[in-house]
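These are the residues of each chain, in order.
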Amino acid sequence: DAGITQSPRHKVTETGTPVTLRCHQTENHRYMYWYRQDPGHGLRLIHYSYGVKDTDKGEVSDGYSVSRSKTEDFLLTLESATSSQTSVYFCAISESTGERGDSYEQYFGPGTRLTVT
Amino acid sequence: GQSLEQPSEVTAVEGAIVQINCTYQTSGFYGLSWYQQHDGGAPTFLSYNALDGLEETGRFSSFLSRSDSYGYLLLQELQMKDSASYFCAVLSGGYQKVTFGTGTKLQVIP
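Treat the numbers as computed from the prediction; the structure is a model and nothing was measured.

Colleague: Sorry if this is basic, but what is going on with the sheet that holds strand S6 (residues 53-57) of chain B here?
Modeller: In any sheet, the strands associate via hydrogen bonds between backbone groups, in a parallel or an antiparallel arrangement. Residues and elements named next belong to chain B. In space, the 5 strands of this open sheet follow the order S1-S3-S8-S7-S6, with antiparallel pairing throughout. A strand with exactly one partner marks an edge of an open sheet, and here the two such strands are strand S1 (3-5) and S6. If you compare each strand with its neighbour and ignore which way they point, the axes differ by 20° on average. Relative to strand S8 (residues 70-75), strand S3 (residues 18-25) is paired through 6 bridges, and the arrangement is antiparallel. The residue bridging Cys22 from the neighbouring strand is Gly71, located in S8.

Quick look at the structure:
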C-alpha cells in the first residue's frame, strides 16, 4: 500500500471555527489531491497540487484553501467551517499524469470524517 | 463539462459474473479508471484504460470503447468480499481533470 496518512481521522467542530486537515505521504509522488465524498455525489475534487507551492482549484473549492510547503505534506484548511462542509475528506497522490498514454493511478489515504455542528 | 453515468446498485450471486457499465461525456479524454471502495474504507485503484479494448487483471477486466464513450468493469468468479462500491473515473486534460462517477454498489449474495 502507498504510504499515505491523514490526520485527524475524525473531527467534530462548530460552525465558524477554522479546521486544518493534514495529508502526509512517504512515496515522494509529485501530484496530490483533496477530495470530498458525500452520498449521491461520489468523489469531488477540491484542490490539487502539482509541486511544492504549486496548487490549483478543483470543482468544489469555495470555502477551502490548501498549502504545500514540502513534497510530503498537503494541508487542507476550512477557514470558517459550515455545516455543508460535513463530509468525508480523502487525500490522494499520483506520480503519473496520463498525458502520454501511461497508466494513471491515484492512491488514496484512509480519509478524515469531519462533522460541523 | 464532464459527466459520467453508472448504475447505482447491482446484485449478483457468488461465483457468477457481473458487468458494471460506465458512460461518459467529456472533452479532451485521456482514459478511464476504475476504483473499488468497501464501506468505511478508502478507494483503491483497480484499472486504467487509455486505449480501446479489454484489459485483464486476475478476476477483474476492464473494457473501453472511446468511439462510444463507454466502458465497463467485469468481475468474474464473484466472491463475497467483492461486495463494495465501484467508481469509474474519467481523466481528461491531464492529472488535474479527474471526474468520478457516483458509484455502483455491488452486493454479492450467496
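Colleague: Looking at this model, I keep getting lost on the state of the cysteines. Mind explaining?
Modeller: Structurally, a disulfide amounts to a covalent bond that connects the sulfur atoms of two cysteines. Under the definition given, this model contains 2 disulfides over all chains. Between the sulfur atoms of Cys23 of chain A and its disulfide mate Cys91 of chain A the distance is 1.9 Å. Across the disulfide from Cys23 of chain A to Cys91 of chain A, rotation about the S-S bond amounts to roughly -70°, and the bridge is consequently left-handed. Highlighted residues: Cys23 of chain A in strand S3 (residues 19-25) and Cys91 of chain A in strand S9 (residues 87-94), separated in sequence by 68 residues. Each member of the pair, Cys23 of chain A together with Cys91 of chain A, is buried. What pairs with Cys22 of chain B in a disulfide is Cys88 of chain B, and their sulfur atoms sit 2.1 Å apart. Across the disulfide from Cys22 of chain B to Cys88 of chain B, rotation about the S-S bond amounts to roughly 75°, and the bridge is consequently right-handed. Separated by 66 residues along the polypeptide, Cys22 of chain B in strand S3 and Cys88 of chain B in strand S9 (residues 84-92) bring together distant segments of the chain. In this pair, the class of Cys22 of chain B matches that of Cys88 of chain B, namely buried.

About the thresholds
Residues numbered from 1 in each chain as written. Chains lettered and ligands numbered in written order. Predicted model: local features only at pLDDT ≥ 70, side-chain atom pairs only at ≥ 80, totals over all residues. Heavy atoms only, no water. Pairing = 2+ DSSP bridges. Helix = DSSP H or I, 4+ residues; strand = E, 2+ residues; numbered from the N terminus. Axes fitted to C-alpha atoms, helices over the stretch in contact; angles between N-to-C directions. Disulfide = S-S within 2.5 Å. Buried < 20%, exposed > 50% of the residue type's maximum accessible area, 1.4 Å probe, protein only.

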